[in-house]
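# Fold and geometry: a report
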Amino acid sequence: MYLAPHALRRIVSAATVALLATAVGCAPQPEEKSAAKPAGTAGATCAKGKLATQTSGKLTIATDEPAYEPWFKDDKPANGEGFESAVAYAVAKQLGYDKANVVWQSVPFNKAFAPGEKTFDFDVNQVSISAERKKAVDFSSGYYDVRQAVIALKNSKASKATGIADLKGLKLGAQVGTTSLNYIDDVVKPTHEPAAYAKNDQAKSALQNGQVDAIVVDLPTAFYITAAEVTDAKIVGQFENQGGTPEQFGLVLDKGSALTSCVTTAVDALRKDGTLASLEKQWLSDAVDAPVLK
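Residues numbered from 1 in each chain as written. Predicted model: local features only at pLDDT ≥ 70, side-chain atom pairs only at ≥ 80, totals over all residues. Heavy atoms only, no water.

### Quick notes on unusual backbone geometry
The residue after Glu65, namely Pro66, is reached through a cis peptide bond having omega 5 degrees. With respect to the helices, strands and loops of the structure, Pro66 is situated in the loop between β1 (59–63) and α2 (83–95). Note that the residue after Glu69, namely Pro70, is joined by a cis bond; omega there is 5 degrees. The residue Pro70 is located in the loop between β1 and α2 in this model. Not every positive phi belongs to a glycine, and Lys189 is a case in point at roughly 50 degrees. When you line up the elements, Lys189 lands in the loop between α4 (179–188) and β7 (195–197). (Helix = DSSP H or I, 4+ residues; strand = E, 2+ residues; numbered from the N terminus.)

### Details of the packing of aromatic side chains
Considering all chains together, one arrives at eleven aromatic pairs under this definition. Between the aromatic rings of Trp71 and Phe83, the centroid separation amounts to 6.1 Å while the plane-to-plane angle is 65 degrees, which identifies the pairing as edge-to-face. Of this pair, Trp71 sits in the loop between β1 and α2 while Phe83 sits in helix α2, placing them twelve residues apart in sequence. Since its relative accessible area comes to 0%, Trp71 is described here as buried. On the basis of an interplanar angle of 35 degrees and a centroid distance of 5.4 Å, the ring pair of Tyr183 and Phe239 is categorised as tilted. You can see Tyr183 sitting in helix α4 and its partner Phe239 sitting in strand β9 (residues 233–239), a full 56 residues away along the chain. (Phe/Tyr/Trp six-rings, centres within 6.5 Å; stacked < 30°, edge-to-face > 60°. Buried < 20%, exposed > 50% of the residue type's maximum accessible area, 1.4 Å probe, protein only.)

### Overview of the side chain of Thr53
Residue placement: Thr53 occurs in the loop between α1 (5–26) and β1. A polar atom in the side chain of Thr53 sits 2.8 Å from the backbone oxygen of Thr55. Ignoring sequence-local partners within four residues, the contact set of Thr53 consists of Lys58, Leu59, Tyr97, Asp121 and Leu259. (Polar contact = N/O pair within 3.5 Å; in protein donor to acceptor, adjacent residues only side chain to side chain. Contact = heavy atoms within 4.5 Å.)

### As for the pattern of salt bridges
Counted according to the given criterion, the structure contains six salt bridges. A salt bridge links Lys199 to Asp64; the nearest nitrogen and oxygen atoms lie 3.0 Å apart. Placement of Lys199 in the loop between β7 and α5 (200–208) and of Asp64 in the loop between β1 and α2 is noted, with a sequence separation of 135 residues between them. Residue Asp64 is classed as buried on the basis of its relative accessible area of 9%. As a salt-bridge pair, Lys135 and Glu132 come within 3.1 Å of each other at their nearest N and O atoms. (Salt bridge = Lys/Arg side-chain N within 4 Å of Asp/Glu carboxyl O.)

Quick look at the structure:
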């Protein structure tokens with residue numbers, strides 16, 4: 001069949017367009033980024049002893065250095081003594097890792113919950129769970145309900161405080177990055193700028209040297225300090241929980257860690273079977289009640 005030149009050109013043009021469309025359709029397309037998985041569920045599998053840990057077959061647990069009592073004993077997290085060391089090993093056992101397969105790592109307090117990839121499986125270091133910190137890291141469920149307390153030298157004006165109003169004119173101090181310091185800023189709202197220290201040891205020295213009138217620490221730490229370290233100091237009182245909910249310490253994990261749900265399940269099991277209560281009684285039994293500052 002004869003085709004006029006102009007008709008032939010139309011057919012060729014149409015075929016060319018079709019071929020180009022097919023080529024474009026078959027060409028590799030840029031991959032879309034997969035939606036981020038919810039924190040703690042990314043490929044989560046809790047097979048005992050076979051978790052997706054930093055080192056296969058090992059569980060890497062971090063804490064600060066020095067490791068303070070009564071949370072640890074003799075500055076040796078690996079000895080299993082002290083409340084948090086005991087809790088860490090109990091969680092490890094729930095996850096299927098015996099003591100020989102637990103590796104301890106030193107990580108500064110503030111770095112544990114700072115943004116960025118972690119080198120540990122979980123951190124245990126009196127880190128309070130908060131909405132702000134959850135933006136950067138995951139937390140397990142709480143393993144200890146805690147309150148903050150004020151310590152002052154026995155013969156000082158600060159030691160006679162009976163309420164928050166009595167603390168406002170004092171020079172107060174606490175470790176930087178802690179909820180202890182938050183309580184000074186947000187609850188006491190003192191007239192003097194609070195002193196922030198890198199370590200609790202520095203805060204204790206400042207108290208002894210008269211550089212601050214009082215320091216704020218968690219209640220069990222306050223009992224240990226006044227009983228064994230700064231024996232001429234006393235616990236002035238403790239603060240009420242803010243917002244009607246208890247402040248809790250939680251184990252810290254990398255943001256979106258596949259281990260979060262497994263570790264939370266382990267903590268919940270230890271609470272349910274009475275292990276956490278038993279360890280608290282064993283290691284924090286000296287932390288009896290203290291006056292509430294209102």
